[in-house]
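Geometric and topological summary
Spelled out from the first residue to the last, the chains are:
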Amino acid sequence: MSQTTGVILATGAVTVANQTVFHDQPMDWRVPVATGLAAIGFSFAERVWPKGSQILAWTVLATVLLTRTQSGVPSPAESALEWWGKSGGSGGSGGSTGKGSKQV
């Protein structure tokens, strides 16, 4: 397996998980097909220009993490921030002041 295959497959997995698992959108079968074709393409490109292909693969992953691939579906980074905000995020008591504490 080439150096870029895992990165490209992770890109497809993040896209599918963000759309179907976290936002209840129907499965778009074009994403896994395109991911497989992209992994094959990057594998061939890596034979010609190894370092450039690896940089491009990581750039693709970062782009997918930070941008929306469908309108109405937040990016994976936005989804993670939303989840972090709902779960308290600070590791404390979720913002409650507790008994006997003074509010300012």
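The structure we're discussing is the one just above.
Presented here is a report on the structure given in the accompanying data block.

Rules used throughout
- Residues numbered from 1 in each chain as written.
- Predicted model: local features only at pLDDT ≥ 70, side-chain atom pairs only at ≥ 80, totals over all residues.
- Heavy atoms only, no water.
- Helix = DSSP H or I, 4+ residues; strand = E, 2+ residues; numbered from the N terminus.
- Buried < 20%, exposed > 50% of the residue type's maximum accessible area, 1.4 Å probe, protein only.
- Contact = heavy atoms within 4.5 Å.
- Areas by Shrake-Rupley, 256 points an atom, 1.4 Å probe, with all protein chains shown as cover.
- 1 Å grid on protein atoms, 1.4 Å probe; cavity = no way out; pocket = protein on both sides within 12 Å on 5 of 7 lines; lining within 4 Å.
- Points joined across faces, edges and corners; volume = space filled by probe spheres on them.

1. A look at the overall build of the chain
The helix and strand tally for the chain stands at 4 helices and 0 strands. Reading the helices (α) and strands (β) of the chain from amino to carboxyl end gives α-α-α-α. Expressed as a percentage of its 104 residues, the buried residues of the chain come to 27%. Long-range contacts, defined as pairs at least 24 residues apart, comprise 60% of the intrachain contacts of the chain with a sequence gap of at least 6. When the accessible surface of the chain is split by element, carbon and sulfur atoms take 65% of a total near 7,300 Å².

2. Some words on the layout of surface pockets
Reported here for the largest pocket is a volume of approximately 200 Å³. Around the largest pocket, the lining residues are Val14, Ala17, Asn18, Phe22, His23, Pro76, Ser79, Ala80, Glu82, Trp83 and Lys86. When contributions to the lining of the largest pocket are tallied by element, the ones reaching two or more residues are helix 1 (5-21) and helix 4 (76-86). Here the lining of the largest pocket gets 6 residues from one element, more than from any other, and that element is helix 4.

Any link to function would need more than the numbers given here.
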